[in-house]
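# Architecture and fold: a report
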Amino acid sequence: MTRTLVIGASGQIGRALIPRLLDRGHQVTALSRVPRSTTRPNLSWIVGDVFAAMPTLSAPDVIFSLGPLNGFAEWLAKTSLANRPRVVAFGSMSAETKRNSEDPAEQALSRTLRRAESELIEAASLAGLKWTLFRPTLIYGGGQDRSLTRLARMGSRWRVFPHLIAATGLRQPVHVDDLASACVAAIGRDAASRRSFDLGGGERLSVSSMLDRVRRSLPGPILPIPVPLFTARRLLGLVHMNPHWRHIGRAAVTRLCSDLIAHDEDAKRDLGWAPRAFQPTADTWKAADPL
């Protein structure tokens with residue numbers, strides 16, 4: 001039985017990945033920062049934090065890192081893993097898309113992500129580990145993301161939804177279930193070893209079209225409110241005071257006319273990457289069942 005450690009297990013990708021691992025006969029140890037319990041066979045929860053204190057771990061055969069990459073890279077660099085587990089970790093396309101942002105905080109995030117990627121690769125290489133790094137685009141589908149799901153819930157509550165005029169930049173939203181499938185594929189393919197892959201969804205569409213599909217997925221009448229980009233920039237200054245939206249700065253409006261897509265041809269060839277098109281329904285925005 002494959003012994004598998006999942007770090008960041010309670011997040012949106014973890015909730016999609018762990019059932020797949022259990023179905024394939026893995027013995028899963030799920031790491032969370034808060035105590036959790038389960039009655040599912042072959043699944044046990046442990047408490048730990050890669051930025052603080054980690055518990056003593058039995059030797060895993062596979063490690064999935066689904067949380068902050070910088071914390072995982074630092075932990076991996078100082079941890080002895082005698083049996084050389086297979087490592088699959090997630091970064092973000094923000095490492096590149098925010099590199100030249102007008103927002104200093106976003107530039108800092110880009111530097112942190114790129115430094116974490118380098119540290120992960122160095123630590124895994126020094127330890128002789130096979131590693132795979134995924135950099136996904138805009139994630140949706142687990143009911144936990146801080147962008148499309150929050151917009152959908154806001155629209156359902158207030159019965160209005162922004163229609164961003166002239167938001168022509170292309171996006172490639174990627175579903176959490178497809179990312180979970182990529183994780184399983186990576187540990188079974190030698191072609192994924194010591195490789196980084198950008199992962200995007202199965203369809204490229206404008207920001208305006210993407211948001212219109214979110215609105216149309218919601219039950220009942222939802223009124224579209226036309227919002228020019230210059231108005232969106234001013235409104236974002238007000239919305240930014242809300243703690244739920246503080247992570248979105250004004251630079252996000254500037255990017256509404258820029259393409260943020262993944263060049264995922266390598267993943268299609270070497271991982272069998274075949275993500276779904278963006279066709280959300282009302283259930284897309286519901287939180288996944290707890291594990």
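## Things to note about the pattern of salt bridges
Inspection of the entire model under this criterion finds 15 salt bridges. Between Asp-61 and Arg-3 there is a salt bridge, and its shortest N-O distance comes to 3.3 Å. Linking Asp-61 in the loop between β3 (43-47) and β4 (62-65) with Arg-3 in strand β1 (residues 3-7), this pair joins segments that are 58 residues apart in sequence. Between Arg-269 and Asp-266 there is a salt bridge, with the nearest N and O atoms lying 3.2 Å from each other. Residue Arg-269 and its partner Asp-266 are located together in helix α10 (residues 265-271), separated by three residues, close to a single helical turn. For Arg-269, a relative accessible area of 55% translates into the label exposed. A relative accessible area of 35% means that Asp-266 is categorised as partly exposed. Salt bridges here are not isolated pairs; linked through shared partners, they connect Glu-96, Arg-99, Glu-117, Arg-135 and Asp-198.

## Quick look at the environment of Arg-135
Inspection of the secondary structure puts Arg-135 in strand β6 (residues 131-136). For Arg-135, a relative accessible area of 12% corresponds to the buried category. For the pair Arg-135 and Phe-90, spaced 45 residues apart in sequence, the C-alpha separation works out to 6.0 Å. When neighbours within four sequence positions are excluded, Arg-135 is seen to be in contact with Gly-91, Ser-92, Met-93, Ala-95, Glu-96, Glu-117, Phe-197, Asp-198 and Leu-199.

## Overview of helix α1 (residues 12-23)
Within α1, the full set of buried residues consists of Gln-12, Ile-13, Gly-14, Ala-16, Leu-17, Ile-18, Leu-21 and Leu-22. Once α1 finishes, Gly-25 follows within two positions and takes phi at roughly 85°, a positive value.

Definitions and limits used
Residues numbered from 1 in each chain as written. Predicted model: local features only at pLDDT ≥ 70, side-chain atom pairs only at ≥ 80, totals over all residues. Heavy atoms only, no water. Salt bridge = Lys/Arg side-chain N within 4 Å of Asp/Glu carboxyl O. Helix = DSSP H or I, 4+ residues; strand = E, 2+ residues; numbered from the N terminus. Buried < 20%, exposed > 50% of the residue type's maximum accessible area, 1.4 Å probe, protein only. Contact = heavy atoms within 4.5 Å.

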